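Single-letter residue listing:
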Amino acid sequence: MAPFLTPKVAVTGLTERVESLAVQGDRLYIGTVTGSVSTYSLDESPDHDDEVATLVETKKNLVRRSIEQLGFIKDINSLVVLSESSITLFPLPNFAPPTPLQKAKAAFSFAIYSSIQHISDTVDQSTTGDFERPKSIPTLVTYLAAGCRRKLVIYSWKDGEAQQAKEVPLPHSPRTMAFMGHEAICLAYSSTEFALYSLTTNTVSDLTIPQKPAMAAAGVGALTGLSSYMTLALGAKAKPCMAKISEKEVLLVKDNAGIFFGPDGKPSRTATVDWPGPPDEFTYVKPYVLSALPPGTAPTSTSDSAQSSLPQSSVIQIRSGISLSSVQTITFPFTSSTAPHSTVRLLTPSSTAKATSYFVTTPVDRNAAASEGSSVWLLRMRPWMEQIDELVEAGAYADALALLESIDSSALPDKDKTRARIRALHAVSQFRAGIYDEAINTFISLEVNPAKVVALYPENVAGRLSVPADEWIPLFGGPRKVQDSTSSQSDLAKDKDTDSDNASTHNKSPGEGLPDRTATPVGSIREKLKTSLDAFMPSGSKDPETASISSVRRRPKPDAFHRSVETLLQYLPDRRPKIAAALAAVHITPSQAHRLSPLSEASAEELFSLPDAPLSSLTPDQLLRFAQVVDTALFKSYLIVRPPLLGPLCRAENWCEVSEVEEVLRSREKFSELIDLYNGKKMHEKALALLKQLSEKEDDMEDKLMPSITYLQRLGPEYLDQVFESSQWLFEKDANMAFQIFTSEQVELPRKSVADFLETINPTICARYLEYLLEEKEERDPSFHDRLAEVYLHVTLHAKEVGDDGTLAEYYDKFLRFLDSNDYYRVEHIFGMLPMEDLFEARAILLGKLGRHQHALEIYVYRLNDYGKAEAYCKRIYQADSPTSGMFLTLLRIYLRPTVQMASNLLQPALDLITRHGPRLDSAETLQLLPPLVTAKDVRAFLIEALRVPIFDSHVIREISKARNEQVARKLMVLQSNRVKVTDSRICPQCHKRLGNSVIAVHAPRGEVTHYQCREAFAGRLNEIRR
């Protein structure tokens, strides 16, 4: 299928010779040899059968002579006309008033380029500050480059506003020009001399045309010589040909070769366009190069008798801009009707946005030209999908992808979907050819349904999902092909000979015994994409004897089947974690496999119908099927090529059936792998029973118990009963090690249930667990704090009953410290549990917590006779100007006014309290409490402090401060009244430099004046002198 449709006539009967064309939007402008311009309205709809162009108006004799070139500047809505070596701007639609470009005299050609550029806005730094960056403003910039005699004149417009024109001297006159973005302009002086002008650096550099390779020249054959002879006979100077391919590339013509150049002035491609003869003209319609070739140079077919089918009229040869090979040849006349011999001229400039082009045909015979006139033809490209589908049907997936990438997304709405489908088909063809790595990488990037990928493998890997090679392409969305019987038999025989060694060891491997691609019809794009260099490439066949010798010398390689399975082992491990993560997001894990539908319930067609889509867009059922397919294929692949990896597969979460691997692992004594498999499938009872069984073989206690402890640490609250049941024998063996089960950071077990269980085993272990909760986990629930206090109390009382002094001392001390430092337990509850005639210190602490401080102090003094703890208690709770400010007075009263009969005298502790804490005691009440026989000497320190009445003390301090402030104020007034005179001749006494307008410092008391920075050094000198 050709990429372009048969040309359709747009305008006929143009009696005046057409010299230039310009297309802008839905308007076609035609410039004639007489200086007239005709404007036509265009309708390029593919399904439109009426006229393509409708005459709007004709401006007769718009200029005096032939219009050599037309262009359009959208910024100013003006038509650019080159005539009589002058360039004139005609505003549309009235073509008036004309604006001649005065500097563009003796012009040979012009080129126009428009683009959106981000130009920095000039900012006034005096108002905005030095640190504000200039803003970038998008601006529509249009350049008009005029190639004049030995100079280049560049006009520009910014958002429609004309800018200053710039002239660039040149060594020669540019005959043709093409912009390469907004950075450079390619200039053609002649058909052999080219240059590059940089708009950024304002420099001109010559382009060095590389020599044409000898191989390419030889491949052209006799046609090149014929065209050279014809050109020589005509004796006309060839006009340089040039076309813009993209923003970074232009195509130049030298002789019959087209060379691509980039903005750096170097060839951008190693390949060249090899025409059968120098083209008269050429243009570029993305992604095809259209060239007008002279008569007798281009064959119309690729058959061996091409020499006899050389047309005797001008032809339009269309080449792919990607592969550079000829894909279509259009010969005049374009329709079946006869027409006089005519010349073909491609007068429209290159276009990367439109899929159409216009050209002009003019009869060679003067009488025919006068009677029939010239015709303007519309060359319209076929729909993109038709071209792509034809390449896909031919198996040219790489070419289809290249063509697809050149198409703008706006012209092909489903471009991404089409690209994914063709990439998948291309990966299948690579897999068929043995390029497994690239194929699998493509499958991964496209997120292809794993069932389809596994289906490319034989039954010992894919099982019932295995698909014959003939069905691979339809499986991945490609067309079904009807294969020619002759080519099919020959291909099958060839594949049979190639893969006979692999078939003797394994089942058919991927790519074995598969027919090649269907033969491509003559004249299709695929056939014409082949370049002439294919004939000179060395063939892959070798002499059998030489091949056998080389194979003996080389290291033997793994067969294709094993290589394909190894590549599959790159694909499956890549899919597994991603599918597992997607399933985890919907709360599905392999442990739920026994509650889900098994893989055997789904048919192969149902699995193949699963979408090729990102995992995040799949349903849980689809993700489940993906996981089952992947793990099943992975298990079978490991069985074939990597048996040692079966253990790691079982240890990881998977969707394999336990019954299929359990006995194998037991027979191979892979107990750790089997335990991990049980764990993944939530068969914890089996795992723990196996661990207990294995522990009987160990002598070391850590080796015996730690595996079971580690396993139990991973079990969650849903297996709490199993944890309690399986941990009992561990506590019997070693309670300290078994306690680690409930301090694991991996899971969180119900704390109350654990505490209840541990208390049944041993209250001390329960206390240890509660301490862990309060200290490590920072538990704030009062019930756990009450529980710990109760356990402490219970252990303490029990130890006292059995006479265990060590446990009694340890846990009673813990109990007291807990009561004193903890604020979360319920005081009334614990106070009610204390015995009435025992544990008095604990009772005192709780009374203090209840605010009954006097009772607490009475217990310290009367029951415990511990005056130090009583005093420490007062210090701990004392706070001035608060209800507890009288604590020391209360303790003094307990000493001096006891409520119980005491065997010892409490006067000395009272005097010691007065001595140490006199300031915290009320003086009057303290003196009233003292017995009459106490001498003043005993309370001398207290009396001295008492005489320092706060009111008297504050009055004295206030008066002293007032006098001091007045003294300072007077001194400040004296110092502020001093004046110093600084003249131009006054010198700093420190650095001996003139003071001038510097900041100064005046030194007291004499008023010396120094620089401010010299003040400290001068002050130091003054202090030394005064000493």
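Everything that follows concerns the structure shown earlier in this document.
Residues numbered from 1 in each chain as written. Predicted model: local features only at pLDDT ≥ 70, side-chain atom pairs only at ≥ 80, totals over all residues. Heavy atoms only, no water.

A.B. asks: I tried to follow empty space enclosed by the protein on my own but got confused; where do I start?
C.D. replies: Over the atoms a probe the size of a water molecule is rolled, and this reveals where empty space is left. Tallied over the full model, the rule gives two cavities of 30 Å³ or more. Taken together, the elements giving at least two residues each to the lining of the largest cavity come down to helix 26 (751-761) and helix 27 (763-775). Ranked by residue count, the leading element in the lining of the largest cavity is helix 27, at three residues. Within the lining of the largest cavity, the residues separate by chemical class into eight nonpolar, two polar and three charged. (1 Å grid on protein atoms, 1.4 Å probe; cavity = no way out; pocket = protein on both sides within 12 Å on 5 of 7 lines; lining within 4 Å. Points joined across faces, edges and corners; volume = space filled by probe spheres on them. Helix = DSSP H or I, 4+ residues; strand = E, 2+ residues; numbered from the N terminus. Nonpolar A, V, L, I, M, F, W, Y, C, P; charged D, E, K, R; others polar.)

A.B. asks: I tried to follow the environment of L583 on my own but got confused; where do I start?
C.D. replies: Relative to the helices and strands, L583 resides in helix 16 (residues 560-585). Once the C-alpha coordinates of L583 and Q622 are considered, the two residues, 39 residues apart in sequence, prove to be 9.8 Å apart. Apart from the residues within four sequence positions on either side, L583 is in contact with I588, P620, L623, L624, A627 and W655. (Contact = heavy atoms within 4.5 Å.)

A.B. asks: How do you make sense of the pattern of salt bridges when you look at a structure like this?
C.D. replies: Where charged atoms from two side chains of opposite charge come close, those side chains can pair. Under the counting rule described, the total for this entry stands at 40 salt bridges. The closest approach of N and O atoms between D823 and K849, which form a salt bridge, is 2.9 Å. Here K849 lies in helix 31 (residues 840-849) and D823 lies in the loop between helix 29 (805-821) and helix 30 (827-833), a separation of 26 residues in the sequence. Given the relative accessible area of 62%, D823 is considered exposed. Among the residues examined, K849 registers a relative accessible area of 31% and is labelled partly exposed. (Salt bridge = Lys/Arg side-chain N within 4 Å of Asp/Glu carboxyl O. Buried < 20%, exposed > 50% of the residue type's maximum accessible area, 1.4 Å probe, protein only.)

A.B. asks: What's the story with the sheet that holds strand 8 (residues 86-91) in this structure? I'm lost.
C.D. replies: Within a sheet, neighbouring strands are paired by backbone hydrogen bonds and run either parallel or antiparallel to one another. Strand order in the open sheet formed by four strands is 6-7-8-9, and the pairing between neighbours is antiparallel. The open sheet terminates on both sides in strands that have one partner only, identified here as strand 6 (67-73) and strand 9 (99-105). Ignoring which end each strand starts from, the neighbouring axes of this sheet average 25° apart. As defined by bridge partners, strand 7 (residues 78-83) adjoins strand 8 across six bridges and the pair is classed as antiparallel. Bridge assignment links S78 to a residue of strand 8, and that residue is P91. (Pairing = 2+ DSSP bridges. Axes fitted to C-alpha atoms, helices over the stretch in contact; angles between N-to-C directions.)

A.B. asks: Explanation requested: unusual backbone geometry in the structure shown.
C.D. replies: Negative phi is the rule for most residues except glycine; trans is the rule for most peptide bonds. The peptide bond linking L92 to P93 adopts the cis configuration, its omega dihedral lying at 5°. Tracing the backbone through its elements, the reader meets P93 in the loop between strand 8 and strand 9. Omega for the peptide link from K286 to P287 comes to 0°, which places this bond in the cis form. The topology assignment puts P287 in the loop between strand 23 (281-285) and strand 24 (288-293). Positive phi, close to 60°, is recorded for F95, a residue that is not glycine. In this fold, F95 is placed in the loop between strand 8 and strand 9. Among the residues examined, F95 registers a relative accessible area of 5% and is labelled buried.

A.B. asks: Mind showing me how you'd approach the sheet that holds strand 1 (residues 8-14) here?
C.D. replies: Within the open sheet, the four strands sit side by side as 1-29-28-27. Their pairing is antiparallel. At either end of the open sheet lies a strand with only one pairing partner, and these are strand 1 and strand 27 (342-345). Direction aside, the axes of adjacent strands within the sheet are offset by 20° on average. For strand 1 and strand 29 (residues 374-380), the ladder comprises four bridges, and the chain directions are antiparallel. Looking across to strand 29, one finds that V11 is bridged to V376.

A.B. asks: Sorry if this is basic, but what is going on with a nonpolar patch on the surface here?
C.D. replies: There is a patch of nonpolar side chains on the surface, built from V980, V982, I1000 and V1002 and spanning about 260 Å² of accessible area. Residue placement: V1002 occurs in strand 30 (residues 1000-1003). (Patch = residues over 30% accessible without salt bridge, like charges linked within 9 Å, V, L, I, M, F, W, Y side chains within 5 Å. Areas by Shrake-Rupley, 256 points an atom, 1.4 Å probe, with all protein chains shown as cover.)

A.B. asks: Would you mind showing me how to read helix 29 here?
C.D. replies: Owing to its 3.6 residues per turn, the α-helix aligns residues three or four sequence positions apart on the same side. Under the 1.5 Å per step criterion, the end-to-end length of helix 29 is 24 Å for 17 residues, consistent within 8% with the ideal 24 Å. Those residues of helix 29 lying buried are Y811, Y812, K814, F815, L816, F818 and L819. Here the buried face of helix 29 lies against helix 27, helix 28 (782-802), helix 30 and helix 31. (Expected span 1.5 Å × (residues − 1).)

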